[in-house]
Amino acid sequence: MQACGCGEDQIPWMLARFGLVGTAVLVFGGLVVMILVGWVLGWGVWLLRRRSEGAEPAEGRGLAVFSWREDEP
């Protein structure tokens, strides 16, 4: 007899299965893993860009040579 609609069927499955502390650990653990993956990807891009800079001269690349006007070199 559920008159108020409360009960186990109203609790999200993760909270019901792992409890409050377990759910918090899983959520924060996932957040930490995503942050670490972002750092690793950023480090990998930095490493690849640094390695490719050794092959070409640094001048003439990037926004340092960009101009809105065509008459400027």
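Here is what the cut-offs are and how they apply
Residues numbered from 1 in each chain as written. Predicted model: local features only at pLDDT ≥ 70, side-chain atom pairs only at ≥ 80, totals over all residues. Heavy atoms only, no water. Helix = DSSP H or I, 4+ residues; strand = E, 2+ residues; numbered from the N terminus. Areas by Shrake-Rupley, 256 points an atom, 1.4 Å probe, with all protein chains shown as cover. Expected span 1.5 Å × (residues − 1). Bend = angle between axes of the 7 residues up to and from the residue. Patch = residues over 30% accessible without salt bridge, like charges linked within 9 Å, V, L, I, M, F, W, Y side chains within 5 Å. Salt bridge = Lys/Arg side-chain N within 4 Å of Asp/Glu carboxyl O. Polar contact = N/O pair within 3.5 Å; in protein donor to acceptor, adjacent residues only side chain to side chain. Contact = heavy atoms within 4.5 Å.

Caption draft 1: Highlighting the overall build of the protein chain. Along the protein chain, the regular secondary structure elements total one helix and zero strands. Of the roughly 7200 Å² that the protein chain leaves accessible, carbon and sulfur atoms contribute 68%.

Caption draft 2: Broad picture of helix α1 (residues 13–53). Taking 1.5 Å per residue, 41 residues should reach 60 Å; α1 reaches only 51 Å between its end C-alpha atoms and comes up short. Remark: the principal bend of α1, roughly 110°, maps to Gly19.

Caption draft 3: Examining a nonpolar patch on the surface more closely. Together, Val27, Phe28, Leu31, Met34, Ile35 and Trp39 make up an exposed nonpolar region whose accessible area comes to about 710 Å². In this fold, Leu31 is placed in helix α1.

Caption draft 4: Geometry of the side chain of Thr23. Mapped onto the secondary structure, Thr23 falls in helix α1. Among the polar contacts listed, one links the side chain of Thr23 to the backbone oxygen of Gly19, at a separation of 2.7 Å. Residues within four places of Thr23 in sequence aside, it is in contact with Met14, Leu15 and Phe18.

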